[in-house]
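Below are the chains, spelled out letter by letter.
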Amino acid sequence: MKIHHLNCGSVREIDPTYEGLPSTPAVNHCLLVQTDNELVLVETGLGLDDVRRPHETLDPAWVEMAAPALNEDETAIRQVERLGFSPSDVRHVLVTHLDVDHCGGLPDFPDATVHLLEAELRAAMREAPSRRYRPAHWAHGPQWRTCESTGDPWFGFTAIQPTGLPPEIKLVPMGGHTAGHAGIAVHDGSKWLLHCGDAYYYHRELDENPEPHPLLDIVQTSSEVDHDKRIDTQARLRILARDHADEVTLFSAHDPWEFGKLAS
């Protein structure tokens, strides 16, 4: 199984909280996974419609806050093509949740099966249109395949096996950010990669003495739906990172310094 790390939508430039790292735009970290016979996309970032017609697909307040680059070359579909594949080769998409910057590219892969937690799909259908949930991203009628939040124990969390996907790919419920937020675990043959979505925003939040990023923390606290669940999720991620670093590599959706290490 080969895994490509993709930035599918640069957004506002941020500074690190300590010397030694450069200021850089935050990212929308996606994975393109090559299995034996198909492609699996983990998150989509922003899509072609978002880049070309943001005033139609995105909330103006979100655009002002996030300051997305809106670069067509960064869309998942263009990066899939540059790797020599057809968009139709992407047979499955997994999303941590349905915020705009995580699912905006769904219309670019209309034939793919989209895996997510049932609670997230219910919340999106109930609350849209809103700043976070935009109906344009599923107006094409995605082939949803939802999961309940029950599964098998996995490093202090629960791992769910999505139907039709190999055992090397799991959905991992991580409550707090949205009603049905989940991480996505992918085994690369030697260890697990755990895409934590928006369960945390900045790598120093996983330190023994956590240090949130001053700007990113405003975003995560203002967008949480359950504060206690979010804090509990982060506490368990901290334990996982401390006790199982040799078995699991964690990363968030937006930390550009984590992305830089993994994509290099």
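Preceding this paragraph is the structure being described.
Model, not experiment: these values are computed from the prediction. (Residues numbered from 1 in each chain as written. Predicted model: local features only at pLDDT ≥ 70, side-chain atom pairs only at ≥ 80, totals over all residues. Heavy atoms only, no water.)

Caption draft 1: Quick peek at the environment of proline 167. Examined against the element boundaries, proline 167 turns out to sit in the loop between β10 (157-159) and β11 (169-173). As a C-alpha pair, proline 167 and histidine 187 span 20 residues in sequence and 8.6 Å in three-dimensional space. Setting aside anything within four residues of it in sequence, one finds proline 167 in contact with Gln161 and Trp192. (Helix = DSSP H or I, 4+ residues; strand = E, 2+ residues; numbered from the N terminus. Contact = heavy atoms within 4.5 Å.)

Caption draft 2: Local environment of the sheet that holds strand β12 (residues 182-187). Ordered by their spatial adjacency, four strands build an open sheet running β11-β12-β13-β14, and the pairing between neighbours is mixed. Every interior strand has two partners, whereas the edge strands, β11 and β14 (248-251), have only one. Looking at each pair of strands side by side, their axes are set apart by 25° on average, direction ignored. One ladder, built from four bridges, connects strand β13 (residues 192-195) with β14; its direction is parallel. Across the sheet, leucine 194 pairs through a bridge with leucine 250, a residue of β14. Where helix α8 (residues 227-243) meets the sheet, it contacts β13 and β14, and its direction lies at approximately 140° from that of β14. (Pairing = 2+ DSSP bridges. Axes fitted to C-alpha atoms, helices over the stretch in contact; angles between N-to-C directions.)

Caption draft 3: Quick peek at helix α9 (residues 256-263). Looking at α9, one finds that the buried residues are Pro256, Trp257, Glu258 and Phe259. The secondary structure elements touched by the buried residues of α9 are β1 (2-7), β2 (13-14), β3 (24-25), β4 (29-34) and β14. Of the residues that open α9, the one with a side-chain oxygen 2.9 Å from the backbone nitrogen of tryptophan 257 is aspartate 255. (Buried < 20%, exposed > 50% of the residue type's maximum accessible area, 1.4 Å probe, protein only. Polar contact = N/O pair within 3.5 Å; in protein donor to acceptor, adjacent residues only side chain to side chain.)

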